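Next come the chains, spelled out residue by residue.
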Amino acid sequence: MEVCYQLPVLPLDRPVPKHVLSRRGAISFSSSSSLFGAPDPRQLSQRRGAISYDSSDQTALYIRMLGACVIFKQLFSRDVRVRSQVGFEPERRGSHPYLCIDFRTLHCNRDCVSSLSVAHAESTGTLPTRRIRRLFSFQRHLHSSRLLRGTPHQNPLHILDEDYSGQAKCMLEKVGSWNFDIFLFDRLTNGNALITLTFHLINHYGLIELFQLDMVKVHRFLVMVQEDYHNQNPYHNAVHAADVTQAMHCYLKEPKLSKSLTSCDILLGLLAAATHDLDHPGVNQPFLIKTNHHLAALYRNTSVLENHHWRSAVGLLRETELFSHLPAEDGLNLERQLGSLILATDISRQNEYLSKFRTHLDQDDLCLGNAAHRHFVLQMALKCADICNPCRPWELSKQWSEKVTEEFFHQGDIEKKHKLEVSPLCDSETNTIGNVQIGFMTYVVEPLFVEWARFSDTCLSQTMLGHLGLNKASWCSLLPEAGGSSEEPEPEAEAEPAPAAEEANSRALPQGSQTS
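- An unreviewed UniProt entry annotates the protein chain as Phosphodiesterase of Chanos chanos.
- Recorded in UniProt for the protein chain, the comment headed Pathway (unreviewed entry) runs: "Purine metabolism; 3',5'-cyclic AMP degradation; AMP from 3',5'-cyclic AMP: step 1/1."
- Quoted straight from UniProt, the Sequence similarities (unreviewed entry) entry for the protein chain says "Belongs to the cyclic nucleotide phosphodiesterase family. PDE7 subfamily."

This is the structure we're talking about:
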């Protein structure tokens, strides 16, 4: 560890004086107050670390703890991120390269300083890099975890760090609005929209207290979920998962559901929305099958991606032991129901679920007092949330349409490069964003949301259908004069555009004969 014998030493239980921070130099931390002042060189080994800063470069601070050097980069005046420089390799699957820490809490809250020291201590051992990063990522919530456990504190509980108590907090107050801008929220939370929004909703519904969940485990689970989404995917990434989770919250608030759903139903709905595309590779099922991918073989070419999303979510639940305090049978039942919800998002089974939903509505026999019927309605709500992009305001819907088409075309480019048959809707030379979206809205989105409006005839349902009509008209107006809309893929094929890359499956195989 780099050592400077002239540096002032500050114990962990003492805040860094403001006049010290205004000067150029460094501050060392020790675990013993006896080292305060001029340290004895023989006692330097007891130091826990040091902070170096340069008044001429206000954007960089260097922290040394137990031999590890960490750089804090201040990207904005109220936005600080941390990146390790102790030989860590880049995150697997392109997770966000920075982990958020409020630097000011290091010398304002002793818990945060201690937790950071623990994280660095772990880094000196044999723990995997991925776990070390997770320790960094959820350490900032240890303080609020103590509060939830009943430790008295003079300040109210803050789910967000102080850095994000401004605009992000204001946005969360309107998280039930259908015009919620998830892209803006993701920027305000430093790319942590999924963690922040899902954690807020779990707390909002009182699920932590109801299920006696450990808040640190909850946050660690959400951190791992966000990590396992591929941020390099234009569409199937953590922001999409956050958007689906926010939409699910809007549906859970609908009168019919809010009066009938149990706390268990709400927890399952939020977890399913957050994990429904977990570890999505950015390509569709036919691509996995024709490239002999191991996942296709593992799940026998049946709902390959959905099975993988579900199993991945279960793996994280068990790794974090989120439900370990519940009876074993209850935990297994939650996992099975979570799988049933996620598997319902398989677009190749769209007609199956839609026909069943329509039959229930025609016969008026949906009884939300029945657990099986409530679960089916949750499945339909998740399906709506998963493909609700065309029902958002144009400014948001257009961005999602561009992102999903970019992902489709990227797959098509890979298939061309390796001389594979190009999947439907994935050829940028024969498809346009407008054509893909118009067909998808006509044959997939509109039938589903018309039936949802029959079930829940509310202002929200009419708003969604209104946006859907306007967005469809907007895409039609953007088509060339020659109008390629008549060349739109068949109804079954349309099941792939904006909602998910899996949807391309519907085009690859005739609907009803899908192997997935």
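Section: the pattern of salt bridges
Turning to step 1, where the next piece is worked out: Across all of its chains, the model carries 13 salt bridges by this definition.
Turning to step 2, where the next piece is worked out: With a shortest N-O distance of 3.1 Å, arginine 336 and glutamate 329 are connected by a salt bridge.
Turning to step 3, where the next piece is worked out: Of the charged contacts in the structure, one is a salt bridge between glutamate 352 and arginine 349, with a shortest N-O distance of 2.8 Å.
Turning to step 4, where the next piece is worked out: On the basis of relative accessibility, which here comes to 45%, the residue glutamate 352 falls in the partly exposed class.
Turning to step 5, where the next piece is worked out: Here arginine 349 falls in the partly exposed class, since its relative accessible area comes to 26%.
Turning to step 6, where the next piece is worked out: What emerges from the salt-bridge pattern is a single network uniting Arg358, Asp362, Glu451 and Arg454.

Digging into the environment of isoleucine 202
Turning to step 1, where the next piece is worked out: Here isoleucine 202 shows up in helix α7 (residues 193–204).
Turning to step 2, where the next piece is worked out: The exposure class of isoleucine 202 is buried, given its relative accessible area of 3%.
Turning to step 3, where the next piece is worked out: Taking the C-alpha atoms as reference points, isoleucine 202 and leucine 271, separated by 69 residues in sequence, lie 9.2 Å from one another.
Turning to step 4, where the next piece is worked out: What isoleucine 202 contacts, discounting residues up to four positions off in sequence, is Leu207, Ile208, Val218 and Leu270.

Structural notes on the UniProt feature "binding site: Zn(2+) 2" (unreviewed entry) in the protein chain
Turning to step 1, where the next piece is worked out: UniProt annotation of "binding site: Zn(2+) 2" (unreviewed entry) refers to Asp277 when read in the numbering used here.
Turning to step 2, where the next piece is worked out: Along the polypeptide, aspartate 277 turns up in the loop between α12 (263–275) and α13 (285–290).
Turning to step 3, where the next piece is worked out: Engagement of the side chain of aspartate 277 in a polar contact is seen with the side chain of histidine 240, the distance being 3.1 Å.

Overview of the packing of helix α16 (residues 328–343) against helix α18 (residues 371–386)
When two helices pack together, their arrangement is given by the angle between the helix axes and the distance between those axes.
Turning to step 1, where the next piece is worked out: At a closest axis distance of 8 Å, the pairing of α16 and α18 adopts a crossing angle of 45 degrees. Compared by their axis directions, α16 and α18 come out oblique. With respect to the hand of their crossing, α16 and α18 are arranged in right-handed fashion. Residues Gln337, Ser340, Leu341 and Ile342 of α16 touch α18, and the partners they reach there are His375, Leu378, Gln379 and Leu382.
Turning to step 2, where the next piece is worked out: Among the residues making up the contact of α16 with α18, the classes are represented as 4 nonpolar, 4 polar and no charged.

Things to note about the packing of helix α10 (residues 238–252) against α18
Turning to step 1, where the next piece is worked out: Where α10 meets α18, the closest approach of the two axes is 8 Å, and the angle between their N-to-C directions is 135 degrees. Classified by the angle between their axes, α10 and α18 sit oblique to one another. For the pair α10 and α18, the crossing hand works out as right-handed. Taking contact as the criterion, the partners of His240, Val244, Ala247, Met248, Tyr251 and Leu252 in α10 are, on α18, Leu378, Ala381, Leu382, Cys384, Ala385 and Asp386.
Turning to step 2, where the next piece is worked out: Grouping the amino acids of the contact of α10 with α18 by side-chain chemistry returns 10 nonpolar, 1 polar and 1 charged.

Focus on the UniProt feature "binding site: AMP" (unreviewed entry) in the protein chain
Turning to step 1, where the next piece is worked out: Using the residue numbers shown here, the UniProt feature "binding site: AMP" (unreviewed entry) corresponds to His236, Asn237, Ala238, Val239, His240, Asp277, Asp386 and Gln437.
Turning to step 2, where the next piece is worked out: Relative to the elements of secondary structure, asparagine 237 occurs in the loop between α9 (215–227) and α10.
Turning to step 3, where the next piece is worked out: Among all residues touching asparagine 237, those that are not within four sequence positions of it are Tyr229, His230 and Asn231.
Turning to step 4, where the next piece is worked out: A distance of 3.2 Å separates a polar side-chain atom of asparagine 237 from the backbone oxygen of proline 234.
Turning to step 5, where the next piece is worked out: As for its placement among the helices and strands, glutamine 437 is situated in helix α20 (residues 433–455).
Turning to step 6, where the next piece is worked out: Exposure remark for glutamine 437: the relative accessible area of 0% places this residue in the buried category.

What about the side chain of threonine 189?
Turning to step 1, where the next piece is worked out: Considering the arrangement of structural elements, one finds threonine 189 in the loop between α6 (182–188) and α7.
Turning to step 2, where the next piece is worked out: Polar contacts involving the side chain of threonine 189 include one to the main-chain carbonyl oxygen of phenylalanine 185, which spans 2.9 Å.
Turning to step 3, where the next piece is worked out: Beyond its immediate chain neighbours, meaning those up to four positions away, threonine 189 contacts Ala168 and Thr196.

Quick look at the side chain of serine 423
Turning to step 1, where the next piece is worked out: Mapped onto the elements, serine 423 comes out in the loop between α19 (394–417) and α20.
Turning to step 2, where the next piece is worked out: In contact with serine 423, not counting residues within four places along its chain, are Asn284, Lys290, Gln411 and Glu415.

Quick word on the confidence of the model for the protein chain
Turning to step 1, where the next piece is worked out: For the protein chain, per-residue confidence averages 76 on the pLDDT scale, and 61% of positions sit at 70 or higher.
Turning to step 2, where the next piece is worked out: Residue range residues 53–126 is modelled with pLDDT below 50. Its contacts to residues more than four positions away, or to other chains, number 166 contacts.

Notes on helix α21 (residues 459–478)
Turning to step 1, where the next piece is worked out: Here α21 spans 29 Å end to end across 20 residues, near enough to the 28 Å set by a 1.5 Å rise per residue.
Turning to step 2, where the next piece is worked out: For α21, the elements touching its buried residues are α10, α19 and α20.

Things to note about the nonpolar core
Turning to step 1, where the next piece is worked out: Core analysis: the largest hydrophobic core is formed by 104 residues, its most contacted members being Ile182, Tyr251, Phe449 and Trp452.
Turning to step 2, where the next piece is worked out: There are two domains that each give this core at least three residues, and those are domain 1 (180–387) and domain 2 (388–478).
Turning to step 3, where the next piece is worked out: Here phenylalanine 449 is in contact with Tyr251, Cys384, Ile387, Cys388, Cys391, Met464 and Leu465, once residues within four sequence places are set aside.
Turning to step 4, where the next piece is worked out: Ranked by size, the runner-up nonpolar core spans 8 residues in total, among them Phe287, Leu288, Ala296 and Leu305.

Calculation rules
Residues numbered from 1 in each chain as written. Predicted model: local features only at pLDDT ≥ 70, side-chain atom pairs only at ≥ 80, totals over all residues. Heavy atoms only, no water. UniProt positions renumbered as here; feature names shortened; annotations may be inferred. Salt bridge = Lys/Arg side-chain N within 4 Å of Asp/Glu carboxyl O. Buried < 20%, exposed > 50% of the residue type's maximum accessible area, 1.4 Å probe, protein only. Helix = DSSP H or I, 4+ residues; strand = E, 2+ residues; numbered from the N terminus. Contact = heavy atoms within 4.5 Å. Polar contact = N/O pair within 3.5 Å; in protein donor to acceptor, adjacent residues only side chain to side chain. Axes fitted to C-alpha atoms, helices over the stretch in contact; angles between N-to-C directions. Parallel < 35°, antiparallel > 145°, perpendicular 65-115°, else oblique. Left-handed = near helix turned anticlockwise from the far one by under 90°. Nonpolar A, V, L, I, M, F, W, Y, C, P; charged D, E, K, R; others polar. pLDDT = per-residue confidence, 0-100. Expected span 1.5 Å × (residues − 1). Core = buried A, V, L, I, M, F, W, Y, C linked by side-chain atoms within 4.5 Å. Domains from an automatic or database assignment.

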